[in-house]
Amino acid sequence: MAEVQGIGVRVKRKEDPRLITGEGRYTEDIQLPGMLYAEVVRSPYAHARIKRIDTKSALSSPGVVAVFTGADIEGHVAPIPTAWLPPDSDIKTTAHPALAVDRVRYVGDGVALVVADDRYRARDAAELVKVEYEPLPATADQEVAMGEGAPLLHDDAPGNIAFHWRAGNATDEVFEQAEVVVRHRFRQQRLIPNPMEMRAAVAEYNRSTGDLTLYSTSQNPHIHRFLLSGVLGVPEHKLRVVATDVGGGFGAKIACYPDEALVCHAARVLNRPVKWSEDRSEHFLATTHGRDHIEDVEIAGKHDGTITAIRVRALANMGAYLSTAAPGVPTILFGLIVPGPYRIPYAGADVYGVFTNTTPTDAYRGAGRPEATYLLERMVDLFAAKIGMDAVAVRQKNLIPADQFPYETAMGLSYDSGNYQLALHNALETADYETLRATQAQLRKAGKYLGVGVTTYVEICGLGPSQVAGAVGFQGGLWESSTVRVHPTGKVTVFTGASPHGQGEETTFAQIVADKLHIPVEDVDIVHGDTARISMGWGTYGSRTTPVGGSALAVATERVIEKAKKIAAHMLEAAPEDVEFVAGSFQVKGIPTKSMSFHDVTLQAYLAWNLPAGVEPALEGQAFYDPTNFTYSFGTHICVVEVEAETGQIHLRRYIAVDDCGRVINPMIAEGQVHGGIVQGIGQALYEGAVYDDQAQLLTGSFMDYAMPRANFFPRFETSFTETPSPHNPLGVKGIGETGTIAATPTVVNAVMDALRPFGVRDIPMPLSPERVWSAIRNGGSAE
């Protein structure tokens, strides 16, 4: 028998051979008989009235089958919904039409859909659609949008306020009585997610049955089916959504977009398959962006380093419309985690969601947690500098002790488990922190500027408790489903409601089953992403796939074992309670020679020649798992940089990451997740940033202007794990996919600010470009 490669083993990803040899099947690869191609005509104006749309020339263009405008689809395609409505926030769910009817509200807003027999003909014809616009004033800045006289995007959202959400117990009195108060404003820039595969959709309609199939680049096919059923008026049982191989998402493929509804409508009307695929330029304009906060932060404490309070007033730029999960990102996922891993008795968040003439924002890797961690960890460093104390010592003094879990925070969260001190200790030991500080002092004498940045973080992840989801306004459940089907020969097929798209779950899920059934990983196949084959599930985001989807899988596998145990007991003429499953065989306790292999029991389950009374044939287990709490991953990251004072150039010398995601299923895959997250976090710190001009035109609409980090920019990452199991799920696991992104940004910025301390520089707006660093050095600490 092949070696069992179960939990904790470094197994190469099962999915990689097909993906890296070009054998993956992506939405763009789907070719159907008679397929048509769609092109969206998008507004070149950030804000304008639509006075007239002339489609005659486009309709007469060779190969064009149809042209749809907003007026054409009214009554057939409902507005795109928002699926997260934070309570007590006075949220304004303004209409988001799939195609603009009377007004466009951002550059990239769709105004027409051209369908032709060839994608290039469709694109040529789209240029023939003549739209007469009346330009209107526009703004890309949320603070300006809230001001008097700002252009109003929606008549039913006065002052462009989409929502106003508050939480916490920090009062003015707490800050007035504090020994030390530090205040600072941060601007966390807008980012543009850029997965390797851009969005695409293929719709196929069967008029005889009324069945509609949508192939889509989705992180959550069942949510897309649920939402599109309402948008299109198609019963759920007649709508199938399939996410084939998906080339990354980073949150940008969570949302339900107008484009998917449009191709579905076109396929129904024309009774032919319709494909739409965006190019990279369209992606920059029309796919959701992330971050974009203005944050006014206050931290209070004592001269001995004790932190007593923190609060933030945040202005979150929501773009022109509220995207699917957008309102939950700067509220629940951001505001509730503001106290971080520290014993801070008072905390508060006051968040305004603001409409602007920009691409809508939504989740981007980390989704709220990076924003909260950044402001907290930057403020801890500023607080430490204010009181003249080492920033690491401040963290050590305030971290929640390991013996105080579960820990109730000032924002009402209950942290499940943790040993924050151990992660910090291991990171400091790996970095040789004291030696680093001594080296730093020596180099400064020689005119070289070394910086050491530290971040201790905790993140809310494993999004799962459905009752909590409902309480915080999420318009759905967050349980997960799994079916484990054992075939007569002992091979296993797993059907999971999670929808992995690069995280490696085809391997880690197989390892969970292999570990429990004591079978080779190769004997387990994972099926996901097809609503016609899989029970309802809520998808992949919020680092929930393994904590929730993996736990559903573990419970379903245990149910397989329990049923098999009854059959084995009957065959062995023993009571079920006297039979145990050990190393792949069922044996009578105390008599190991009296046993049956798992494969033998499986075959008997299907032959059904001699089953115990009340036991049905076949061998299959199903579970719908709803966790009792979130999970809370944590860790410490340390970065060492060197800054050239003459040029402002930043060199990354070392990067150390000690993360705790509970029980590690596959260390190699976990390390890969951390590596990717760190790169994206550093991207925000040093390179990336979407820029709009004063007319809300996107200036960074391609890779010529939007800087993406490259592999040769980075040192070797020094990663390790501690393991503090979560008590809230049967595997003891927590999320790992977003930890690197959450921790890396403040870690790097803290390191750069540490290097620039001799120049009096306290803060520089991200990204920390060489020009900004050079200007801050020359201007005595100001990079504005």
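Our subject is the structure listed above.
Residues numbered from 1 in each chain as written. Predicted model: local features only at pLDDT ≥ 70, side-chain atom pairs only at ≥ 80, totals over all residues. Heavy atoms only, no water.

Novice: What's the story with the pairing of strand β23 (residues 585-588) in this structure? I'm lost.
Specialist: Residue alternation in β23 divides its side chains into two sets, Ser585 and Gln587 and Phe586 and Val588, and both sets are buried. Of the strand pairs in this sheet, strand β22 (residues 579-582) and β23 are connected by four bridges, and their pairing is antiparallel. Of the residues in β23, the one forming a bridge with Val579 is Val588. In sequence, β22 turns back onto β23 through a hairpin of two residues, with Ala583 there showing a positive phi of about 50°. With four bridges connecting them, β23 and strand β24 (residues 591-597) associate as antiparallel partners. The residue of β24 that forms the bridge with Phe586 is Met596. Remark: two residues form the turn of the hairpin made by β23 and β24, two consecutive strands paired antiparallel; Gly590 in that turn has positive phi of roughly 85°. (Buried < 20%, exposed > 50% of the residue type's maximum accessible area, 1.4 Å probe, protein only. Helix = DSSP H or I, 4+ residues; strand = E, 2+ residues; numbered from the N terminus. Pairing = 2+ DSSP bridges.)

Novice: Looking at this structure, how should I read unusual backbone geometry?
Specialist: Most peptide bonds are trans, and most residues other than glycine sit at a negative phi. For the bond from Phe405 to Pro406, the omega torsion is 0°, close enough to zero to count as cis. One non-glycine residue, Ala367, adopts positive backbone phi at about 45°. Of note in the backbone geometry, Ala696 takes a positive phi value of approximately 60° without being a glycine. According to the relative accessible area criterion, Ala696 is buried, its value standing at 0%.

Novice: When you look at the pattern of salt bridges in this model, what are you seeing that I'm missing?
Specialist: Opposite charge on two side chains allows them to pair when their charged atoms are near. Summed over all chains, the structure comprises 46 salt bridges. Across the pair Lys92 and Asp90 runs a salt bridge, and its minimum N-O distance is 2.9 Å. A salt bridge links Lys734 to Asp416; the shortest N-O distance between them is 3.4 Å. Of this pair, Lys734 sits in the loop between β28 (717-721) and α20 (739-755) while Asp416 sits in the loop between β17 (414-415) and α13 (420-431), and the two are 318 residues apart along the sequence. Here Lys734 matches Asp416 in class, with each residue buried. Each of Arg42, Arg199, Asp259, Glu278 and Glu282 takes part in one network of salt bridges that share partners. (Salt bridge = Lys/Arg side-chain N within 4 Å of Asp/Glu carboxyl O.)

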